[in-house]
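# Inside the fold
Okay, here's what each chain looks like letter by letter:
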Amino acid sequence: MSTQYQPGLENVIASETTISYLDVENEEIVLRGYNLIELAKQVTYLDIVGLMLDGTLPTSDQRISLEDQLKSEYDFPQDVLSMLKLFPEKANLMDVLRTGVSAIASYDDELEDRSREANYRKSIRLLAKVPQIVANGYRAVSKQPFVEPRKDLSYTGNFLYMITGKEPMKMEEMVFDQSLIAYSEHEMPNSTFAARVIASTQADIYGALAGAVASLKGTLHGGANEAVMKMLLEVGSEADIEPLLMDKLSRKERIMGFGHRVYMKKVDPRAVLMKEALAELVKEKNQQELLRMCVIGEEVMKREKGLYPNLDYYAAPVYHLLGIPIELFTPVFLAARTIGICAHVIEQHENNRLFRPRVLYKGPRNLHPQDSSYIQIGEGELNEHC
Ligand SMILES: CC(=O)SCCNC(=O)CCNC(=O)[C@H](O)C(C)(C)COP(=O)(O)OP(=O)(O)OC[C@H]1O[C@@H](n2cnc3c(N)ncnc32)[C@H](O)[C@@H]1OP(=O)(O)O
Ligand SMILES: O=C([O-])CC(=O)C(=O)O
C-alpha cells in the first residue's frame, strides 16, 4: 500500500476519462478533443450537450432532435413546485436546488436503471428540469408567482426568461449561452469528484448530482461567483477597488474569483472569454465602469499576489448585467454543469470501481477502555466512567 499522502489530493489522478482535460501548459481546456474556448465562440450550449452525451458534435438535424427531446421533458411535478414554497424566505438557493434535485428523482420511472440508455434519458430529464428548479425555486422563496417554461424560446433563451421574467435580447441570450458553455465541464473539480464518488457505489444519477450541488455551494468552489459580485457591489466605484483589495490582503483574506488549484498562477482561459463577453455587455448597458473596476482588481491581484482571475471573477458581473439575482449565480453554474456531471456519472457507471481510499493514521494506538477512568463524550466535556 502506498503511504504517500497528497493534501487535498493535489495532482492525484482519480479517474481515466474521455470527457475533458485541463492542458495548463498549452492553456487549453480539452472537451472530447475540442478546445472549450473555440467551442464557446462557434457552437451553442445544446451542441455541448450533444457532444458530452454522444461523444461527437451533433449535426443540425441531431441538434433539432435534441432540443425536441429536452422540451418534451419540460413537464414538472406540481407537488415538487408546491414543496418549494415551504422553504423560508432566508433559504439558500443551493439548498433549495439540492432538495429539488432529490425530490424529482422519485418521479423518474427509470431511477434504478444504471444502463447507458437510461442514464442518457435521465440526463435529458435533469437538463430539462434543473433550470426550472433554479428559476422557480427562486420564485418560491422570494414569494413570486411561478413561471412556465416556453417551448417557443430556445433552451438557453427559456432558462434566462424563466429567471428574469423577460424575453432576453438576442445578444443577452448569446452571452448567457457562452457562459453556460464556460461552466459546462471542467475535468475533475470537487463537485464532479463528489458525484463520481457517489456514483461509484452504484447510487443513482440524481443522488450524485445532489451531492455535487452540496459541493458546489462552497465559496472555495462555485459559491465564489456570488461572493465576487457582493464584493464588486461593496466597492461601488472604480477608485475604491484598489484600497478595498489592499485592505483585505493586509488582513490575509482570500479574494474571491482569484486563484485556482490547477491553473495556480496561470490564467483560466474561461475568465478571458467572460471578460470579452463583459466588454460587449457593458457597452450595450452603458456600464463601462464595472469593467474598468474589474480590470483594476485583476491588475492589483497580479501585482500583489501573482494571482489571476478564474471564471467566477468575470462571470459574476456578466450575470449581474444579464439581470440575474446574485443568489442565483451558483445555482446557474450548477445548471450549466449538470451536463458535465451527467457525462461523468455515465462514464463512472459504465466502467466502475468503487472509490475507497485509505488514510495516513496519526492518532494514538493501543488504548483500552479499562485503562482509563474517564470516557470523553464531547470536546471539553468529561464524564466519570462507572
Ligand atoms: C469555477 C471555480 O470553482 S474556480 C474557484 C473559485 N474559488 C475562488 O475563487 C475562491 C478563491 N480562491 C481560493 O481560495 C483558492 O485559489 C482555491 C481554493 C481556488 C485554490 O486553492 P489551493 O489550490 O488549495 O491553494 P491554496 O489554498 O493552498 O493557496 C496557495 C496560496 O495562494 C494564496 N491564495 C490562493 N488563492 C487566493 C486568493 N483568492 N486570495 C488570496 N490568496 C490566495 C493562499 O493564501 C496561499 O498562500 P500561502 O501559501 O502564502 O498561504
Ligand atoms: O476546476 C476546478 O477545480 C473548479 C472550476 O474551475 C470549475 O469547476 O469550473
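Conventions adopted
- Residues numbered from 1 in each chain as written.
- Chains lettered and ligands numbered in written order.
- Predicted model: local features only at pLDDT ≥ 70, side-chain atom pairs only at ≥ 80, totals over all residues.
- Heavy atoms only, no water.
- Buried < 20%, exposed > 50% of the residue type's maximum accessible area, 1.4 Å probe, protein only.
- Helix = DSSP H or I, 4+ residues; strand = E, 2+ residues; numbered from the N terminus.
- Contact = heavy atoms within 4.5 Å.
- Near = heavy atom within 4 Å.
- Polar contact = N/O pair within 3.5 Å; in protein donor to acceptor, adjacent residues only side chain to side chain.
- Areas by Shrake-Rupley, 256 points an atom, 1.4 Å probe, with all protein chains shown as cover.
- Nonpolar A, V, L, I, M, F, W, Y, C, P; charged D, E, K, R; others polar.
- Pairing = 2+ DSSP bridges.
- Patch = residues over 30% accessible without salt bridge, like charges linked within 9 Å, V, L, I, M, F, W, Y side chains within 5 Å.
- Salt bridge = Lys/Arg side-chain N within 4 Å of Asp/Glu carboxyl O.
- Lys, Arg positive; Asp, Glu negative; His and termini not counted.
- Charge placed at Lys NZ, Arg CZ, Asp CG, Glu CD.
- UniProt positions renumbered as here; feature names shortened; annotations may be inferred.

### What to know about helix α7 (residues 155–164)
In terms of burial, α7 is largely enclosed, as 9 of its 10 residues are buried. Contact partners of the buried residues in α7: α2 (45–54), α3 (60–72), α6 (116–141), α8 (170–184) and α16 (329–350). Phi for Gly165, located one or two positions after α7, is positive at around 80 degrees.

### Notes on the site of ligand 1
The local shell around ligand 1 holds 19 residues, among which Arg254, Ile255, Gly257, Phe258 and Arg261 are the closest. In this structure, Arg254 approaches ligand 1 through a side-chain N or O atom, which is 2.7 Å from an oxygen atom. A distance of 2.7 Å separates a nitrogen atom of ligand 1 from a polar backbone atom of Ile255. In isolation ligand 1 exposes 920 Å². Once the protein is present, 68% of that is buried. Taken together, the residues of the shell around ligand 1 sort by class into 7 nonpolar, 7 polar and 5 charged.

### Considering the environment of Tyr206
On the secondary structure map, Tyr206 appears in helix α10 (residues 205–216). Discounting chain neighbours no more than four positions away, the residues touching Tyr206 are Val101, Ile104, Ala105, Asp108, Leu111, Lys122, Arg125 and Leu126. Of note is the side chain of Tyr206, whose polar atom sits 2.6 Å from the side chain of Asp108.

### Some thoughts on the pairing of strand β2 (residues 28–31)
For strand β1 (residues 20–23) and β2, the ladder comprises 4 bridges, and the chain directions are antiparallel. Bridge pairing in β2 links Leu22 to Ile29. Between β1 and β2, which pair antiparallel in sequence order, lie 4 residues; one of them, Glu27, sits at a positive phi of approximately 50 degrees. Bridge count between β2 and strand β3 (residues 34–35): 2 bridges; the pairing is antiparallel. Paired with Leu31 across the two strands is Tyr34, which belongs to β3. Between β2 and β3, which pair antiparallel in sequence order, lie 2 residues; one of them, Arg32, sits at a positive phi of approximately 45 degrees.

### Thoughts on a positive patch on the surface
A contiguous patch of positive charge on the surface is contributed by Lys252, Arg254, Lys265 and Lys305. Secondary-structure assignment places Arg254 in the loop between α12 (241–250) and α13 (269–285).

### What to know about the UniProt feature "active site" (unreviewed entry) in the chain
UniProt's feature table lists "active site" (unreviewed entry) at His260 and Asp312, given in the numbering used throughout. In terms of the greatest pairwise C-alpha distance, the residues named above, spread along 53 residues, form a tight cluster of at most 10.6 Å across. Relative to the elements of secondary structure, His260 occurs in the loop between α12 and α13. Classification of His260 by relative accessible area gives partly exposed; the value is 26%. Not counting chain neighbours up to four residues away, the residues in contact with His260 comprise His186, Arg270 and Asn310. Of the polar contacts made by the side chain of His260, one reaches the backbone nitrogen of Val262; its length is 3.0 Å. Following the sequence through the fold, Asp312 ends up in helix α15 (residues 311–321). If we ignore the near neighbours within four places in the chain, the residues touching Asp312 are Tyr183, His221, Gly222, Ala224, Asn225, Val228 and Phe333. A distance of 2.5 Å separates the side chain of Asp312 from the side chain of Tyr183, its partner in a polar contact.

### Brief notes about the site of ligand 2
The local shell around ligand 2 consists of His186, Pro189, His221, His260, Arg270, Phe333 and Arg337. Contact between ligand 2 and His186: an oxygen atom at 2.8 Å from a side-chain N or O atom of the residue. Between ligand 2 and His260, the relevant distance is 2.8 Å, taken from an oxygen atom to a side-chain nitrogen or oxygen of the residue. When ligand 2 is considered free in solution it has 270 Å² of accessible area, and contact with the protein chains removes 84% of it. By residue class, the composition of the shell around ligand 2 is 2 nonpolar, 3 polar and 2 charged.

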